[in-house]
Amino acid sequence: MTMTNVLVTLAVITGVGAAMRYDMKSSLSMLSRNAKHVKAWMESGAAAASHELPKSSSSSSSSSTAESIGKAAAAAKPQPPPSKST
């Protein structure tokens, strides 16, 4: 009886180990494929974004960006604190 328990335990442990090994291999290969797809999407998005940028000098674009940020900050009004109802 003891020998049977030992053999069944070893068979179960071996089976679980084999299943985990196969599962890890498939998970890693799927993760690798997904990472390649995401990298390709990021590169194509960056390439599309670089084609959409206007052809202007870098100094004028940075100053216009700074001006637009300043205008947006000036337009934002502080919100009053919420009223407490008691």
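Parameters and conventions
- Residues numbered from 1 in each chain as written.
- Predicted model: local features only at pLDDT ≥ 70, side-chain atom pairs only at ≥ 80, totals over all residues.
- Heavy atoms only, no water.
- Helix = DSSP H or I, 4+ residues; strand = E, 2+ residues; numbered from the N terminus.
- Buried < 20%, exposed > 50% of the residue type's maximum accessible area, 1.4 Å probe, protein only.
- Areas by Shrake-Rupley, 256 points an atom, 1.4 Å probe, with all protein chains shown as cover.
- Patch = residues over 30% accessible without salt bridge, like charges linked within 9 Å, V, L, I, M, F, W, Y side chains within 5 Å.
- Salt bridge = Lys/Arg side-chain N within 4 Å of Asp/Glu carboxyl O.

A separate point is the overall build of the protein. The helix and strand tally for the protein stands at two helices and zero strands. Each of the 86 residues in the protein was classed as buried or not, and the buried ones make up 0%. Of the roughly 8100 Å² that the protein leaves accessible, carbon and sulfur atoms contribute 68%.

On to a nonpolar patch on the surface. On the surface, a cluster of nonpolar side chains totalling about 400 Å² of accessible area is made up of Met 3, Val 6, Leu 7 and Leu 10. Topologically, Val 6 is positioned in helix α1 (residues 2-52).

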